[in-house]
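Now for the letters of each chain:
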Amino acid sequence: MGQPRSARERCSCSNTNCVERPLTRLFEALGRVVAAHPWPFVLLPLLLSAGLGAGFFFLPDLQTNDIEGQFTPTGGPAKAERDFVRRHFPTDDSERFSAERLPTEGAYAALIAVAAGDVSVLDVPARSEVLRMDAEVRDSDYRRLCARSGGACVSANPLLPMLADGGDLPELRFPGSGDAFLGTALGGVRTDGGGRVERARALKLMYYLREDGGEAGESRAWLEAFVRDFPDKLRTLNLTAVEVTYFTSLSRQEEFEGNTKSVIPLFSITYFLTITFSVVSCLRLSCVRNNIWLACCGVLSSGLAVLSSFGLMLYCGVPFVATVANAPFLILGVGVDDMFIMISSWEQSSSKADKTDTKSRLAETYSEAALSVTITTLTDVLAFFIGTWTAFPSVRSFCLYTGTAFVFCYVYVITFFGAIIVLDHRRVKGNRHWLTCMQVKVGKKSCLYNACCLGRCSSEPPEPETSEAESEHPMSVFFKKYYGPFLTGKWVKLLVVLLYGAYLGGSIYGCTQMKEGIDLRNLASDDSYVIAYYDDDDKYFSEYGPRVMVVVTDRVDYWNESVRNDIEACTRNLEDITYVDRNLSLSWLQVYKEIAERRLININNKDNFISNLSVLFQYYPSFEWDINKTAEGIDASRFFIQTVNVTSAVDEKNLLHQLRDRAEQCVVPLMVYHPAFIYYDQYLVIVQNTIQNVVIAAGAMLVVSLVLIPSPLCCLWVTFAIASVIVGVAGFMTFWDISLDSISMINLVICIGFSVDFSAHISYAFVTSGESSANAKAVGALHQLGYPVLQGAVSTVLGVVVLAAAKTYIFRTFFKIMFLVILFGALHGLVFIPVFLTFFGCFGKSLPVTETKAVDLRFVSKSVIQYVRFRDNKDCP
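Given the structure is predicted, the values throughout are model-derived calculations rather than measurements.

The rules we used
Residues numbered from 1 in each chain as written. Predicted model: local features only at pLDDT ≥ 70, side-chain atom pairs only at ≥ 80, totals over all residues. Heavy atoms only, no water. Helix = DSSP H or I, 4+ residues; strand = E, 2+ residues; numbered from the N terminus. Buried < 20%, exposed > 50% of the residue type's maximum accessible area, 1.4 Å probe, protein only. Expected span 1.5 Å × (residues − 1). Bend = angle between axes of the 7 residues up to and from the residue. Contact = heavy atoms within 4.5 Å. Salt bridge = Lys/Arg side-chain N within 4 Å of Asp/Glu carboxyl O. Phe/Tyr/Trp six-rings, centres within 6.5 Å; stacked < 30°, edge-to-face > 60°. Lys NZ or Arg CZ within 6 Å of the ring centre and 35° of its normal. Patch = residues over 30% accessible without salt bridge, like charges linked within 9 Å, V, L, I, M, F, W, Y side chains within 5 Å. Areas by Shrake-Rupley, 256 points an atom, 1.4 Å probe, with all protein chains shown as cover. Axes fitted to C-alpha atoms, helices over the stretch in contact; angles between N-to-C directions. Parallel < 35°, antiparallel > 145°, perpendicular 65-115°, else oblique. Left-handed = near helix turned anticlockwise from the far one by under 90°. Nonpolar A, V, L, I, M, F, W, Y, C, P; charged D, E, K, R; others polar. Pairing = 2+ DSSP bridges. Disulfide = S-S within 2.5 Å. Lys, Arg positive; Asp, Glu negative; His and termini not counted. Polar contact = N/O pair within 3.5 Å; in protein donor to acceptor, adjacent residues only side chain to side chain.

Looking only at helices and strands, one finds 31 helices and 13 strands in the protein chain. Burial status across the protein chain gives 57% buried among its 877 residues.

This is the structure we're talking about:
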């Protein structure tokens, strides 16, 4: 061992991956230590998990499900704009409340009353029930806490005073203007040619509460009681003429926080499915050589990894968000795959090492399996930690928790699970029953006894381990004799090329149709009362969108006519956007000019302009809230424009881009703002962040492949598979009604790591094959690795399949994209890459191989990259 390496060994190292050799020796040494002293490696992970698991004590403090904080980009422009509005236009909701002037959504309860049947909500029966419902909401506590203007509670709807008068309604014009704007109060409106309302299907009532001062806590309590008690009140009212849906400013957040709790019961189902799959895969008829305990401890190892990693992250103060609840499902599937790698290598080690020497066998196991697990873990962990470079805190938290869990899963597999293998081997050597650990006696016993204990009626001693390890798995035979020859047929290869063309074409088309941004309704569960409210709101009140503030952010000389003209030009430029109705704009400056012209007031000098503002406020008191006047002049002021037909994520994105672009073009310092822009900001960074993370992660995977896989051709096919799978997943997201948001972005990052797992082994097995023809190389690669790819796909899907039954978008989306990742990854590994390699794979020179020491993956769930060792090369080029 201490002798210098021969020239042949040095030459061999220069032509292969020199990283592999020292790692192999390190793992062999670790295997011998674990085999000699298994109990410390069993107890230490258990104690470490218990200690780190105490971090869950901090879970209540770190369970952060703030929608704005987690699902909007950090440092979004709208957040700075909101701060500016707060500083320069303070609110006073106890005396001068105005909903359109709020820097936030405010504290409110909202009702939508839809007329039952095909009648108008303005008909007498419907409006009388609306008034009864309104009286029920406006109880004594509400009247004490309501937002006020002019000494009275702000009306929930500008039509309520007219409805309360009884009799025939006065002539209504839609959408109206000013304080009588009905665009967001009356829905499903039909008008005559002159804009007079003939009928309407829905009324929206908004009950605003005070947030300033010390009433915020009481207002929140009132809203919580409203959500709790209002359904019972509706039943008591026995409304027949209208159908009512409701919502509060707290509803979205409360419903989102309940999502994590709804998925907890699915954990038990997932663990049951995974344990069952593991046990069935490891099941033996012999009661001695049964691997059930190995299967159960392998699942336990994954559970310990979740406990340790989550506890560590909680100790470190990393926020625990709803998206992190997806992680245990994924970790369980990956951990089981690693377990199968270890079991498979252990079983085969009996034919390569002294089967009576546990140290030699475990060293052999570690030299093969641990290195393979290291590669796949490294690629996955890299993908997750690169995913932390994002503007979305929810993605950052998920990647930190999951990447750390993968590290612990890896550590526990090569320590805890390796020690369990040793202890189980001692039981097998002692010929002890897998369940009772009682020694099984071999002799003349009854057929029933022999069947239960030996797996057969015969009382002959069990077959030696080597014969079982050398047996061919039926699925491997299927890939060798049937599937491989079928796939490499001339006409089948042509069909595969056409299939790939259809796949790629559909994927590219889907990418061009992809929607961006998270729909806030998707943060609630399917059966939430919030969904019904959103449906009615979209159906009846989507014509008129946000009323946007246009803020002059710096001091300008408003008394200078040229400056006023510049401001008007900028306003007209904003009104020219297709999403803006110029007839509904509101400008204090324009009104002030009209008043000055009528009253012959000279506003062309500073003193006159400032002193005569009081005249404007006499006519329009609310305009005083739109001017931030100081001794030096006017520090800031704001106008309002009304948006229309903002009905989709594409409209929201275009509206935000166009408004901000035109505001930047203005010669006057302008800013546009609405509270909804906090969420619209995701459109500015979601595509950029996704592309950035995917490209960096793919580049990192390529570097890892080049360093650890001694075949440039193989690395080329790995890169091709990563790109192809990502395009496929992104494109087919559109067909499955999945938008590109912070949730789906997580899964696209995961996609990279799994693409490597599914593609590298097939291409590398092909380029290292000693067969002469390309078809034979492809059949050999499928024979060796086809079943592991299939089994790996099944085990990973089993880990997340229960999420398909979840009632929330977050968890269903995780399942959908993971399913697409596994499906397309397996499709590339089992269909596309083997066929394409027969066309292009022979352009590269096969690696010279006289002896390969590679892991036989007949029973392995995750497909492992095959590493070729040039130990007996006669000639070193």
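Following the structure, the description resumes.
End to end, helix 18 (residues 474–487) covers 18 Å across 14 residues, agreeing with the expected 20 Å (1.5 Å per residue, within 8%). At lysine 480, helix 18 shows its largest bend, some 35°. All of the buried residues in helix 18 are Ser476, Phe479, Tyr483, Gly484 and Leu487. In this structure, the buried residues of helix 18 make contact with helix 19 (490–512), helix 30 (774–800) and helix 31 (809–840).

Quick look at unusual backbone geometry now. Residue proline 175 is reached from phenylalanine 174 by a cis peptide bond, and omega for that bond is 5°. Assignment of secondary structure puts proline 175 in the loop between helix 9 (160–164) and strand 4 (186–187). Phi is positive for asparagine 238, close to 55°, though the residue is something other than glycine. Along the chain, asparagine 238 turns up in the loop between helix 10 (216–237) and strand 8 (242–248).

Next up on the list: the pattern of salt bridges. In the structure shown here, the tally under the stated rule is 32 salt bridges. Residue glutamate 198 is joined to arginine 190 by a salt bridge in which the shortest nitrogen-to-oxygen separation is 3.3 Å. Overall, the relative accessible area of 49% leaves glutamate 198 in the partly exposed class. Members of the salt-bridge network, linked through shared partners, are Glu100, Arg101, Arg547, Asp626 and Arg638.

This structure, assessed with the given rule, holds 52 aromatic pairs. Their ring planes at 45° and their centres at 5.6 Å tell us that tyrosine 142 and tryptophan 222 sit as a pair that is tilted. Placement of the pair is tyrosine 142 in helix 8 (residues 140–145) and tryptophan 222 in helix 10, with a sequence separation of 80 residues. For tyrosine 142, a relative accessible area of 1% gives the class buried. The buried category is assigned to tryptophan 222, whose relative accessible area is 9%. Ring-pair connections join several aromatic residues into one group, and the members of that group are Tyr500, Tyr503, Tyr509, Phe720, Phe732, Phe735, Phe824, Phe832 and Phe836. One cation-aromatic arrangement involves lysine 204 over phenylalanine 541; the distance from NZ or CZ to the ring centre is 4.9 Å.

There is a patch of nonpolar side chains on the surface, built from Trp39, Leu43, Leu44, Leu46 and Leu47 and spanning about 520 Å² of accessible area. Relative to the helices and strands, leucine 47 resides in helix 3 (residues 38–53).

With that out of the way, let us pick up the packing of helix 18 against helix 31. Where helix 18 contacts helix 31, the axes come no closer than 10 Å and their chain directions differ by 60°. Judged by the inter-axis angle, helix 18 sits oblique to helix 31. Seen along the crossing, helix 18 lies across helix 31 with a hand that is right-handed. The residues of helix 31 that touch helix 18, namely those facing Phe479, Tyr483 and Leu487, are Leu830, Val831, Pro834 and Val835. A per-class count over the contact of helix 18 with helix 31 returns seven nonpolar, no polar and no charged.

Let's shift gears to the pairing of strand 8. Taking burial as the measure, the seven residues of strand 8 include six buried ones, the bulk of the element. Sheet analysis places strand 1 (residues 107–115) next to strand 8, joined by seven bridges and oriented antiparallel. Bridging from a neighbouring strand, alanine 109 pairs with threonine 248 of strand 8.

This paragraph deals with the side chain of asparagine 612. One can find asparagine 612 in the loop between helix 23 (606–611) and helix 24 (613–619). For asparagine 612, the residues in contact, after removing those within four places along its chain, are Tyr592 and Ile601.

In a regular helix each residue adds 1.5 Å, so twelve residues correspond to 16 Å; helix 6 (residues 77–88) covers 17 Å between its end C-alpha atoms and thus fits that length. Of all the residues in helix 6, the buried ones are Ala78, Lys79, Glu81, Arg82, Phe84, Val85 and His88.

Let's shift gears to the environment of methionine 818. The topology assignment puts methionine 818 in helix 31. Residues methionine 818 and valine 800, 18 residues apart in the sequence, show an inter-C-alpha distance of 7.7 Å. In this structure methionine 818 touches Leu330, Asn747, Ile750, Phe754, Thr796 and Val800, once residues within four positions along its chain are discounted.

The N-to-C vectors of helix 19 and helix 28 (residues 712–735) enclose an angle of 60°; their axes lie 7 Å apart at closest approach. Taken together, the axis directions place helix 19 and helix 28 in an arrangement best described as oblique. Regarding helix 19 and helix 28, the two cross each other, and that crossing is left-handed. On helix 28, the residues touching Tyr500, Tyr503, Leu504, Gly506, Ser507, Ile508, Tyr509, Gly510 and Cys511 of helix 19 are Phe720, Ser724, Val725, Val727, Gly728, Ala730, Gly731, Phe732, Thr734 and Phe735. Of the residues assigned to the contact of helix 19 with helix 28, the class counts are twelve nonpolar, seven polar and no charged.

Our focus in this paragraph is the state of the cysteines. Throughout the structure, instances matching the rule amount to two disulfides. Covalent S-S linkage joins cysteine 146 and cysteine 153, the inter-sulfur distance amounting to 1.8 Å. Every disulfide takes its handedness from the sign of the S-S torsion; for cysteine 146 and cysteine 153 that torsion is -70°, giving left-handed. Using a relative accessible area of 0% as the deciding quantity, one classes cysteine 146 as buried. Between the sulfur of cysteine 570 and that of cysteine 666 lies a disulfide, 1.7 Å long from S to S. Taking the torsion about the sulfur-sulfur bond, which here is approximately 90°, the covalent link between cysteine 570 and cysteine 666 counts as right-handed. Of this pair, cysteine 570 sits in helix 21 (residues 561–575) while cysteine 666 sits in the loop between helix 25 (649–665) and strand 13 (670–673), placing them 96 residues apart in sequence. Overall, the relative accessible area of 9% leaves cysteine 570 in the buried class.

By the secondary structure assignment, aspartate 536 is in helix 20 (residues 529–540). Among buried charged residues, aspartate 536 stands out as having no salt bridge; its nearest opposite-charge side chain is lysine 539, 6.3 Å away. Polar contacts involving the side chain of aspartate 536 include one to the side chain of threonine 245, which spans 3.1 Å. In this view, aspartate 536 contacts Ile112, Val114, Thr245 and Phe541; residues no more than four positions away in its chain are not counted.

The four strands lie next to each other as 4-7-1-8, forming an open sheet whose pairing is antiparallel. Each edge of the sheet is formed by a strand with only one pairing partner; in this case those strands are strand 4 and strand 8. Of the pairings in the sheet, the one linking strand 1 to strand 7 (residues 202–209) comprises eight bridges and is antiparallel in character. What sits directly across from alanine 110, in strand 7, is methionine 206.

With respect to the helices and strands, the residue serine 155 is situated in the loop between strand 3 (152–153) and helix 9. Expressed as a C-alpha distance, the spacing of serine 155 and methionine 206, which sit 51 residues apart in the sequence, is 7.9 Å. Every residue in contact with serine 155, bar those within four places of it in the chain, is listed here: Leu160, Pro161 and Met206. Reaching out from serine 155, the side chain makes a polar contact with the backbone oxygen of asparagine 157 at a distance of 2.7 Å.

Okay, the environment of glycine 335 next. Structurally, glycine 335 can be placed in helix 13 (residues 327–349). Spatially, the C-alpha atom of glycine 335 lies 8.8 Å from that of glycine 303, the residues being 32 residues apart in sequence. Glycine 335 has contacts with Ser302 and Cys409, leaving out every residue within four places of it along the chain.

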